[in-house]
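Single-letter residue listing:
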Amino acid sequence: MTDLYERLKAYEGRATAASPGVGKDLVNEPMIRHWCEAMGDTNPAYSGPDAIAPPTMLQAWTMGGLSGHSERSAAHDELFGLLDEAGYTSIVATDCEQEYLRPLRPGDRITFDGLIESVSELKTTKLGTGHFVTTRMDVRADGELAGTHRFRILKYAPARRKPKAAARRPRPVINRDNAGFWEGVAEHKLLIQRCGGCGALRFPWLPGCGACGSAEWDTVEASGAGTVYSYVVMHHPPFPAFAPPYAVGLIELAEGVRMVSNVVGVPYDKVRIGMPVRLDFLRVDEELELPVFSCSDGDGGAG
Ligand code: ZN
């Protein structure tokens, strides 16, 4: 490894591009204005007759756009080739650092050149083991150094992932406002809050009535009958503990309130709006049981 490190270090100070770069455009007002609009930056220094460019635009003036960047140098390709051969085949950008030496103004002509500033010793990170490579771009305006842009990457061999214990389904957050609901679930009851002031039913559980503001309430037990008011089928992104595709339904209970739940016992692509469903309880693991809904016309088989 030490041997490899010596060989990598030998590239420090070498140019990253085959030839020095020239900005595609002079520093100009339209690009400054677009940048400020995109960033929501209303600093008055960036408009008007004495406008300067936002310093953080430094790299923007060096970008190749859709027509591409200038070619990498042989040194750059060799360095990355050495890292690849040594097994450090993955790459991740870690940080970037800029230094501003003089403001850029409309009309400035930008030139830049990049070099391989440093290669770190072998480091072990959560992602894996490898070498950090820092490149530095010096940006000049009309020949005068205006700023530097350092960019650091980690070129690494991915750590072998330990096989994880099977992911557990997320736990519900149980608090003073909804504890009664979960106590009901433990007894295989689906409890709906009923306002003590106006009698309105509400779900999910809340400390006060949205209709009249009363904090008084009791509960009614749902009959368990409902229909699919709406639904989505989850394909992506995958979450640990969930195996897509699966149907998530907005269930309208016979009592009139709606709740989000899984529709089970029926293929995900057979779930339909208006489909009658029936309350069931799904034992997820030793700690967690959830109210779910299965197709109630008898062929679901989730019983
Ligand atoms: Zn009320």
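Going by the structure above, here's the rest.
All values reported here derive from a predicted model rather than from experimental measurement.

Caption draft 1: Seen up close, the coordination of the zinc ion. Coordination of the zinc ion by the protein is provided by Cys195 (SG), Cys198 (SG), Cys209 (SG) and Cys212 (SG), with metal-donor distances spanning 2.3 to 2.4 Å. One way to put it: the 4 donor atoms around the zinc ion meet at angles of 99 to 116°, and that makes the site tetrahedral. All donors of the zinc ion come from a single chain, and their spacing in sequence reads C-x2-C-x10-C-x2-C. One end of the pair, Cys198, is in the loop between β7 (191-195) and β8 (201-202); the other, Cys209, is in the loop between β8 and β9 (217-221), and 11 residues separate them in sequence.

Caption draft 2: Seen up close, the sheet that holds β7. Here 3 strands make up an open sheet; going across it, the order is β8-β7-β9 and the pairing antiparallel. Edge positions in the open sheet fall to β8 and β9, since each of these has one partner strand only. As paired strands, β7 and β9 are joined by 5 bridges and run antiparallel to one another. In the sheet register, Cys195 faces β9, and the bridge partner there is Trp217.

Caption draft 3: Just the nonpolar core, in detail. Judged by nonpolar contacts, the single largest core of 27 residues is most densely connected at Phe181, Leu190, Ile251, Leu253 and Phe293. Listed by contribution, the elements that provide at least two residues to this core are α4 (179-186), β7, β11 (246-253), β12 (258-264), β13 (276-283) and β14 (289-295). If sequence neighbours within four positions are ignored, Phe181 has contacts with Leu190, Leu191, Phe203, Trp205 and Pro291. If you look at the next biggest cluster of nonpolar residues, it comprises 17 residues, including Val27, Tyr46, Leu104 and Ala146.

Caption draft 4: Summary view of the environment of Leu250. By secondary structure assignment, the location of Leu250 is in strand β11. Linking Leu250 and Val260, residues 10 residues apart in sequence, is a C-alpha distance of 4.5 Å. Aside from chain neighbours lying at most four places away, what touches Leu250 is Thr227, Val228, Tyr229, Ser230, Tyr231, Arg258, Met259 and Val260.

Caption draft 5: Quick peek at the pattern of salt bridges. Overall, the coordinates contain 19 salt bridges when judged by the stated rule. Between Arg140 and Asp113 there is a salt bridge, with the nearest N and O atoms lying 3.5 Å from each other. With Arg140 in strand β5 (residues 128-141) and Asp113 in strand β3 (residues 110-119), this pair connects stretches of sequence that are 27 residues apart. Given a relative accessible area of 26%, Arg140 falls into the partly exposed group. Classification of Asp113 as partly exposed rests on a relative accessible area of 35%.

Rules behind the numbers
- Residues numbered from 1 in each chain as written.
- Predicted model: local features only at pLDDT ≥ 70, side-chain atom pairs only at ≥ 80, totals over all residues.
- Heavy atoms only, no water.
- Donors = N, O, S within 2.8 Å, 3.2 Å for Na, K, Ca; no water.
- Tetrahedral: all angles 85-135°; square planar, octahedral: opposite > 155°, others 65-115°.
- Helix = DSSP H or I, 4+ residues; strand = E, 2+ residues; numbered from the N terminus.
- Pairing = 2+ DSSP bridges.
- Core = buried A, V, L, I, M, F, W, Y, C linked by side-chain atoms within 4.5 Å.
- Buried < 20%, exposed > 50% of the residue type's maximum accessible area, 1.4 Å probe, protein only.
- Contact = heavy atoms within 4.5 Å.
- Salt bridge = Lys/Arg side-chain N within 4 Å of Asp/Glu carboxyl O.

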